[in-house]
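Below, each chain spelled out in residue letters.
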Amino acid sequence: MTAIKHALQRDIFTPNDERLLSIVNVCKAGKKKRNCFLCATVTTERPVQVNVVKVKKSDKGDFYKRQTAWALRDLAVVDAKDAIKENPEFDLHFDKVYKWVASSTVEKNTFISCIWKLNQRYLRKKIDFVNVSSQLLEESVPSGENQSVTGGDEEAVDEYQELNAREEQDIEIMMEGCEYAISNAEAFAEKLSRELQVLDGANIQSIMASEKQVNILMKLLDEALKEVDQIEMKLSSYEEMLQSVKEQMDQISESNHLIHLSNTNNVKLLSEIEFLVNHMDLAKGHIKALQEGDLTSSRGIEACTNAADALLQCMNVALRPGHDMLHAVQQQQQRFSDLREQFARRLTNHLNSVFVQQGHDQSSTLAQHSVELMLPNHHPFHRDLLRYAKLMEWLKNTDYGKYDGLTKNYMDYLSRLYEREIKDFFEVAKIKMTGTTKEGKKFGLHGSSGKLTGSTSSLNKLSVQSSGNRRSQSSSLLDMGNMSASDLDVADRTKFDKIFEQVLSELEPLCLAEQDFISKFFKLQQHQSMHGTTMSETEDTDGGTLSRSYNPSVAQPISSEKDMIRQMMIKIFRCIEPELNNLIALGDKIDSFNSLYMLVKMSHHVWTAQNVDPASFLSTTLGNVLVTVKRNFDKCISNQIKQMEEVKISKKSKVGILPFVAEFEEFAALAESIFKNAERRGDLDKAYLKLITAVFFNVEKVANESQKTPRDVVMMENFHHIFATLSRLKISCLEAEKKEAKQKYTDHLQSYVIYSLGQPLEKLNHFFEGVEARVAQGVREEEVSYQLAFNKQELRKVIKEYPGKEVKKGLDNLYKKVDKHLCEEENLLQVVWHSMQDEFIRQYKHFEGLIARCYPGSGITMEFTIQDILDYCSSIAQSH
């Protein structure tokens, strides 16, 4: 390596006025190993420039060439990879990161050490050294100002010192005085030696001349030492005196410190006593209010509330360390606990008695509402109890056990009270729906509970007569209950709707008022953030215990308080849902169409309740009842479809408008009036689609089974009725079905007309059908008259059989037959007759066209004209 270093210095760096300080044999990491050398160099000229040069062997020979050079000031980071283990890899961060692998760890460490020294000397520590052993850097720290860089080549760098300006000036003056020094160095050196000897002699003479003055100076110094001794003796005496004063001052200082300490302790003791007296002293008035305060008057309640708050503040005062060990503090705390227990017991007993009294007071007012569909108002009771709301909050924070007991007692008393009120309220509603109690019993209503025991299946097993409709079925139903048919008309349904709406309108504010009161009185949070938990919809309505662990110092979660409100509401109003279900069952039993009214009303109230609070008791309960109403509505639809499937037609009378078609019209008209602007329009649309599909299917089924009335007439009349109904009601979801009904009506009208018109001119029809058949077989039209069966004589013979009189007679018979087929309700006779007239004229023109083409020049014509046909049809229609 020394030989290589020498060669590189000679061949590469000396010509560039550079000196090579360190060298390391490396190759690039991760690639094919092509060795090169990294060299640390400095320039010999001032200012000194430090470079890192990459040198590699030439491909053409054994000489080396300079490839890349980086200024050391551009080097940002030297990364040795591992400061503990030996690792030949290292990175140099210039404009980019260069990764190298040294031939040995020793060479790598020597090179990094040289870079670190150059950084210390010339760059003032600008380079960061990462993963470099601290020991390696410590060994490289210079021991003196002019400590040389290790290595023989670096000594010259450290020994060289630049001349300052004065030194340069002196040398220039000396050189000017000895110009021959440049040509004769020996003469110049001899002259300098002689001048040095002269200077040495002058120095010696000067020293000898100053000896006398030195003796005088020494004498003065001896005198000065004597004076110093005398001063030191005086200072010693002064020091002894000051020591005595210092001891006295120390005693005074210690005494002052003790006095200050005593005063500080007294101030602190006074502060602690004042703190305890100010925070743990309960006024006598408050104590008296807690022990004997009047809990019935507003003034007494306010005094008790203030006293309870003051007691709570005293009990919750944050004592300082050590206070709880004081006997007086312990006594005061025990006294507070006794007061709290005594007042909590007194408050609990009083509120329990108020709850009981409320039950008695409200029971006395039930008779006033027995004939009116109105629930008793609990606002006065709530108003009186809300005066105790702050005391309930105090009880909740201080004695949760008694608070929990009061909660249970309130639920127990109020649940029984509300159960009586609500059952009586629903009993009045049922009586108003059915008329009288006896009539209610005929519908299967027994007792005040309002349970329905009658079988609903008997209402649906109604035989549908061929000409019957919904009203005849309702009449048969009312015959079972000895009620008139008018009891199920629109007025009665409207009456039911009003009663049901009034029931919901009475229940809703009752539940909301009670929930609001519970929240305020028991200090429970009604509202919560969206991420709070809510109760399950299938919660047990029997209501379990509401007790739970409670720490007054820890705030209860909002969600648990919201759940507690719901539990209380479920326990208090546990009878609402079954009573509503019973009322719904009764309404459905009176008239299955009542389920439409109930669905709309219940949906609206559920929507309103969910907008207020989707997880509230009212919203959940009404939602559960809505499921029952929707189930009844679906059952009503299913029953109508079942009745359609079970319909039977008479074999002796004409069919006319089928009962279930008329029923669908009644249902649709009623539903559109009920569901106008309703929230659950989607349910009705689905029901429409089910019903109309069943109607279409069963109309076709009945038409196929009809023996008395032609199939086309049944289809035509009923689909015309369906089309008229849908056009009048404008039901958007049934637009496609309306178009289909119109198409079916048109198709079957045309089919019936064509079929019927074939009979009055039967022989003529058969003759021309034979003519068309010959033409279809390939016979030319003008040659048909040469066919034996279809010659002119045969044509004249057939035409003579249908003179005008016979045609009119045939049309008259056709009119009578059509009149027998069609029903009066739909009033389609004139429409059908006009279509037959048009079809007859079309056939007439067709026959004339065939005569003109197949019998040209024969002069054969029909014995009646188009005008005759118009006159026949008009006179026949007028005569009937």
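Residues numbered from 1 in each chain as written. Predicted model: local features only at pLDDT ≥ 70, side-chain atom pairs only at ≥ 80, totals over all residues. Heavy atoms only, no water.

Caption draft 1: Spatial organisation of unusual backbone geometry. Here the amide bond leading from R46 into P47 is cis, since omega sits at -5°, within 30 degrees of zero. Despite not being glycine, D17 has its phi angle at roughly 55°, a positive value. Mapped onto the secondary structure, D17 falls in the loop between α1 (2-13) and β1 (18-28). Despite not being glycine, K730 shows a phi value in the positive range, around 55°. If you trace the backbone, K730 turns up in the loop between α24 (711-729) and α25 (735-757). On the basis of relative accessible area, K730 is assigned to the exposed category, the value being 68%. (Helix = DSSP H or I, 4+ residues; strand = E, 2+ residues; numbered from the N terminus. Buried < 20%, exposed > 50% of the residue type's maximum accessible area, 1.4 Å probe, protein only.)

Caption draft 2: Broad picture of the packing of aromatic side chains. Tallied over the entire structure, the rule returns 28 aromatic pairs. With a centroid separation of 5.1 Å and an interplanar angle of 75°, the aromatic rings of F696 and F719 are classed as edge-to-face. With F696 in helix α23 (residues 681-705) and F719 in helix α24, this residue pair connects regions lying 23 residues apart in the sequence. For the pair formed by F696 and F719, the shared burial category is buried. Taken together, the ring pairs in this structure connect F355, Y400, Y403, Y410, F517, F521 and F522 into an aromatic cluster. (Phe/Tyr/Trp six-rings, centres within 6.5 Å; stacked < 30°, edge-to-face > 60°.)

Caption draft 3: A look at the side chain of T41. As for its position among the elements, T41 is in strand β2 (residues 36-43). Polar side-chain contacts of T41 include one of 3.2 Å to the side chain of E18. In this structure T41 touches F13, E18, R19, L20, Q49, V50, N51 and V53, once residues within four positions along its chain are discounted. (Polar contact = N/O pair within 3.5 Å; in protein donor to acceptor, adjacent residues only side chain to side chain. Contact = heavy atoms within 4.5 Å.)

Caption draft 4: A look at the packing of helix α21 (residues 617-645) against α23. For the pair α21 and α23, interaxial distance at closest approach is 9 Å and the crossing angle is 10°. Here α23 runs roughly parallel to α21, going by the angle between their axes. Contacts from K630, F633, I637, Q640, I641, M644 and E645 in α21 reach D683, L684, A687, K690, L691, A694, V695, N698 and K701 in α23. Across the contact of α21 with α23, the residue classes break down as nine nonpolar, two polar and five charged. (Axes fitted to C-alpha atoms, helices over the stretch in contact; angles between N-to-C directions. Parallel < 35°, antiparallel > 145°, perpendicular 65-115°, else oblique. Nonpolar A, V, L, I, M, F, W, Y, C, P; charged D, E, K, R; others polar.)

Caption draft 5: Broad picture of a negative patch on the surface. A cluster of acidic side chains, namely E167, E168, D170 and E172, defines a negative patch on the protein surface. Looking at the secondary structure, you find E172 in helix α5 (residues 165-177). (Patch = residues over 30% accessible without salt bridge, like charges linked within 9 Å, V, L, I, M, F, W, Y side chains within 5 Å. Areas by Shrake-Rupley, 256 points an atom, 1.4 Å probe, with all protein chains shown as cover. Salt bridge = Lys/Arg side-chain N within 4 Å of Asp/Glu carboxyl O. Lys, Arg positive; Asp, Glu negative; His and termini not counted. Charge placed at Lys NZ, Arg CZ, Asp CG, Glu CD.)

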